[in-house]
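Letter by letter, the chains look like this.
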Amino acid sequence: MQRAPLIVPVLARPAVRLFLTSAAVLFAELLFIRWVPSNIIYVGFFNNFILMASFLGIGLGILSGRSSWKPRIDPAPLLLFGLIAVVLSGRLNVAPPTPDQIFIGATPRELVDVNVLVLGAVVVLTTLAMAALARPLGPLFRTLPPLRAYATDIAGALLGIAAFAALSALVTPPLAWFAVLVVLLALLALGAGIDRTATVTGSALACILALGLFDLAQGDHWSAYHRLSLQTLPDGTEQISVNGIPYQDLTPAPLAPPYFSEVYRQFPGRTFTHALIIGAGAGNDTSAALRNGVAEVDAVDIDGVILDIGVARHPDRPYADARVHRYVDDGRAFLRRSDQRYDLIVFAQTDSFVLVGNSANVRLESFLFTREAFESARDHLAPGGVVVLYNAYREPFLVDRYATTLRDVFGIDPIVRTYPEFGGGFRAWLAIGPRTSATAVFPFIGGPVPPAIDDWPFPYLRDRGIAPRYVLALGLMIAFAVGAVAVTMRRSGASLREFSPHFFALGVAFLLLETRSLVTFSLLFGTTWIVNALAFFAILLVVLAAIGVNALLRIPRAWPIYAAIFVALAVNAVLPPTALLLDPPWLRYGLAAALVFAPIFFANVAFSFSFRDSRAADMAFASNVVGAMVGGVLEWTALITGYQSLIAVAAVLYLAAFLLATRWRFLADRGLAVAGVRAAPGAQSRGRLRWWSVSRW
């Protein structure tokens, strides 16, 4: 006699299951966006592919929920285990292939081929795993009124963000992330009913935790940004690797490379009373400053764990010196908040190899090397002060770009010194200040290169454009998405005609708005994980507010909503983010929130307005999520035009969404609509019907 499944009644309620499913989906998405590139650096430089695969998987999962076939065993834990296993087995810890991908060094051809295969496997497995996680969303959306279902989904997403942000704040290892994911999956299993397949599900969840333990046993340090590894070098010193790439040595000042002390040799007898070191890291630069008589040092680094490693392990113990003040902060944000004047400002090997957040092609240090950033550094110099940059520049044009930018900002030529070394690359040292022109040595290596700017913060790109390999990868991603959506809809019995171009266009446009808002907040408040998390959290709160407006007010027509969207977008186009670099901070935050969130709010009022009366809520939501995936592709156009241009693209998409919805309802009223779309209530049906006469539009 077969026993009845064990079901926990509270967890079986549709609203509770929808809430937990959404939390698990969002948490898993953030986990893999954060964890996968830290283990396979090659995947990390294909920026938002994990995000796009997640959106695609969520859309496919919702679409597949219409199928009458139900798997006997929940595939989600098995697929998640497979994805985690592939990532851990593919942790190559090698230098990536080509300089124009912002990579270091050279990689053998066979390793590049392996990386490409791993990238493809990760994208496919992420899509499948997220589809399996999201599969219950479709039926759950159909069991609740559309707006209630949407609000419950957003509330669950907020829980997922809050949980992952808390784990980041506590600087936890991936084992803790996997444990939270396993708990969410176990709660969902209890709500769905545990039966004789529980052994398989439980075993898969246990294996996920086992892989987390294996990952923990590697001895890595995990910060909110990086996977950090410590290795002992043949000379007895230690080296920090970031995501498998050698990053920084813990070197005593007498043994440090010459560029650490170059500024003190170039200005003999000069006294630097107060120095600011941006990207202070483990302390090499601070140690050199103290050894050369700097009286006071402000050491700033965005990664507190790297600073802690320097405190505990640097042989010179520079951070134990009373003259040193440590700050865990974004360098650009620190400059904005500081009222100090410095004799010396050092941009010290600031190169993170890490993206800001879920979307966008902005790296942690991107806003540090724009023209506006150097202007901010200039404004914080004391009379006669000096700005210094040095790093291992993999491409000569980077030196030309920074030299050109410094010359434009200061109006004089900088001093430039280069140090030839490995692989044809070189390290370079640049300095500029009011008194450097007399000794300036400024050899353009390849000619002047236009500066990066806050609207186009891509210093590592020689010219505006998208590399052919990325165009190819994006094309393959779109082809994969089209094929996967078509196959899933056919297998689930859904008609392609039910796919909503209106909700699809809304999804594309919203992803672009979200991307620009995250970039704006990174510029205004720092490219830190907490700024990114709070901005994303605030966006979802705005979505909830928009749902509440539609639930309470019952707005009769849509055109005023779209008019408000276009007005809000126009204001954002006229007032770029740099216009909001105001003090005090509370004023900057208030104006930024009003400016950035206004179009997001009205856009979600428009979405929930349409979604409120949707007969096929699951298809509408799936169309929207797949649209967001395509928005992730369009986001790459910012590499050509800058982020401000995304406003115009979003405006065109919202106009298309308005016209598509209007035309859709017009066809329904004429009796020509596709299956599953009802006529708009109150629409006229006699005489010469005009599209703008359709009720509510």
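Residues numbered from 1 in each chain as written. Predicted model: local features only at pLDDT ≥ 70, side-chain atom pairs only at ≥ 80, totals over all residues. Heavy atoms only, no water.

**What to know about the pattern of salt bridges**
Side chains that differ in sign of charge can pair as their charged atoms come close. The tally for this structure, following the rule as stated, stands at eleven salt bridges. The shortest N-O distance in the salt bridge between Asp454 and Arg332 comes to 2.9 Å. Within this pair, whereas Asp454 is found in the loop between strand S11 (426-432) and helix H17 (468-492), its partner Arg332 is found in helix H14 (residues 331-337), the two being separated by 122 residues in sequence. Look at the salt bridges and you will find they share partners, linking Glu262, Arg265 and Arg417 into a network. (Salt bridge = Lys/Arg side-chain N within 4 Å of Asp/Glu carboxyl O. Helix = DSSP H or I, 4+ residues; strand = E, 2+ residues; numbered from the N terminus.)

**Observations concerning a nonpolar patch on the surface**
Where nonpolar side chains cluster on the molecular surface, the patch consists of Val567, Val571, Val574 and Leu575 and spans about 350 Å² of accessible area. Summarising the element assignment, Val567 is placed in helix H20 (residues 559-574). (Patch = residues over 30% accessible without salt bridge, like charges linked within 9 Å, V, L, I, M, F, W, Y side chains within 5 Å. Areas by Shrake-Rupley, 256 points an atom, 1.4 Å probe, with all protein chains shown as cover.)

**A few points about the environment of Ala403**
Along the chain, Ala403 falls in helix H16 (residues 396-410). Ala403 sits in the buried class, given a relative accessible area of 1%. A C-alpha to C-alpha distance of 8.7 Å links Ala403 and Val449, two positions 46 residues apart in sequence. (Buried < 20%, exposed > 50% of the residue type's maximum accessible area, 1.4 Å probe, protein only.)

**Here we look at the sheet that holds strand S4 (residues 245-250)**
Within the open sheet, the four strands sit side by side as S1-S2-S3-S4. Their pairing is antiparallel. The two strands at the open ends of the sheet, each matched to only one other strand, are strand S1 (221-222) and S4. With five bridges connecting them, strand S2 (residues 227-232) and strand S3 (residues 238-242) associate as antiparallel partners. Looking across to S3, one finds that Thr232 is bridged to Glu238. (Pairing = 2+ DSSP bridges.)

**Some details on the packing of aromatic side chains**
Scanning the model with the defined rule gives 32 aromatic pairs in all. A centroid spacing of 6.3 Å and a plane angle of 85 degrees characterise the contact between Phe49 and Trp636, whose relative ring orientation is edge-to-face. Of this pair, Phe49 sits in helix H4 (residues 49-64) while Trp636 sits in the loop between helix H22 (617-634) and helix H23 (638-641), and the two are 587 residues apart along the sequence. For the pair shown, Phe49 and Trp636 are each scored as buried. Consider the rings of Trp456 and Phe458, whose centres lie 5.6 Å apart with planes at 80 degrees: the pair is edge-to-face. When its relative accessible area of 2% is taken as the criterion, Trp456 is described as buried. Ring-pair connections join several aromatic residues into one group, and the members of that group are Phe141, Tyr150, Phe503, Phe607, Phe611 and Phe621. (Phe/Tyr/Trp six-rings, centres within 6.5 Å; stacked < 30°, edge-to-face > 60°.)

**Side note on the packing of helix H18 (residues 501-525) against H22**
It is the contact of H18 with H22, at a shortest axis distance of 6 Å, that shows an interaxial angle of 40 degrees. Accordingly, the angle class assigned to the pair H18 and H22 is oblique. In terms of crossing hand, the pair formed by H18 and H22 is right-handed. Here Phe503, Phe504, Leu506, Gly507, Val508, Leu511 and Leu512 of H18 come into contact with H22, specifically with Ala620, Ser623, Asn624, Val626, Gly627, Ala628, Val630, Gly631, Gly632 and Leu634. Grouping the amino acids of the contact of H18 with H22 by side-chain chemistry returns eleven nonpolar, six polar and no charged. (Axes fitted to C-alpha atoms, helices over the stretch in contact; angles between N-to-C directions. Parallel < 35°, antiparallel > 145°, perpendicular 65-115°, else oblique. Left-handed = near helix turned anticlockwise from the far one by under 90°. Contact = heavy atoms within 4.5 Å. Nonpolar A, V, L, I, M, F, W, Y, C, P; charged D, E, K, R; others polar.)

**Here we look at the nonpolar core**
Of all hydrophobic cores here, the largest spans 155 residues; its most connected members are Phe32, Trp35 and Tyr654. With sequence-adjacent residues up to four places away left out, Tyr654 is seen in contact with Leu506, Ala509, Phe510, Leu513, Tyr562, Ile565, Phe566, Leu569 and Ala603. One finds Phe334, Leu335, Leu368 and Leu398 within the second-largest nonpolar core, a separate group that totals 31 residues. (Core = buried A, V, L, I, M, F, W, Y, C linked by side-chain atoms within 4.5 Å.)

**Points about unusual backbone geometry**
Residues other than glycine predominantly adopt negative phi, and peptide bonds predominantly adopt the trans conformation. The backbone of Asn243 sits at a positive phi, close to 50 degrees, despite the residue not being glycine. Look at Arg317: it is not a glycine, yet its phi comes out positive at around 50 degrees. Of note, Arg317 is situated in the loop between helix H13 (304-313) and strand S7 (324-328).

**Considering H16**
Between its terminal C-alpha atoms H16 stretches 22 Å, which fits the 21 Å expected from 15 residues at 1.5 Å a residue. Burial of H16 is extensive: twelve of the 15 residues sit out of reach of the surface. Turning to H16, its buried residues are Phe397, Leu398, Val399, Asp400, Arg401, Tyr402, Ala403, Thr404, Thr405, Leu406, Val409 and Phe410. (Expected span 1.5 Å × (residues − 1).)

**Concerning the pairing of strand S6 (residues 296-301)**
Burial analysis of S6 places five of its six residues in the buried class, the great majority of the element. By the bridge criterion, five bridges tie strand S5 (residues 274-278) to S6 in an arrangement that is parallel. Following the sheet pairing, Leu276 is matched in S6 by Asp298. Traced from S5 through helix H12 (residues 284-291) to S6, the parallel crossover comes out right-handed. Handedness of the β-α-β unit built from S6, H13 and S7 comes out right-handed. (Right-handed = clockwise from strand over helix to strand, strands pointing away.)

**Topic: the environment of Val10**
Along the chain, Val10 turns up in helix H1 (residues 9-12). Through-space distance from the C-alpha of Val10 to that of Leu190 is 9.6 Å; in sequence the pair is 180 residues apart.

**Points about the packing of H4 against H22**
Running from amino to carboxyl end, H4 crosses H22 at an angle of 165 degrees, the nearest separation of the two axes being 8 Å. Regarding the angle of H4 to H22, the classification is roughly antiparallel. H4 and H22 meet at a crossing whose hand is left-handed. Within the contact between the two elements, H4 uses Met52, Phe55, Leu56, Ile58, Gly59, Ile62 and Leu63 and H22 uses Asp618, Met619, Phe621, Ala622, Val625, Val626, Ala628, Met629, Gly632 and Val633. Across the contact of H4 with H22, the residue classes tally to 14 nonpolar, two polar and one charged.

This is a description of form; function is not addressed.
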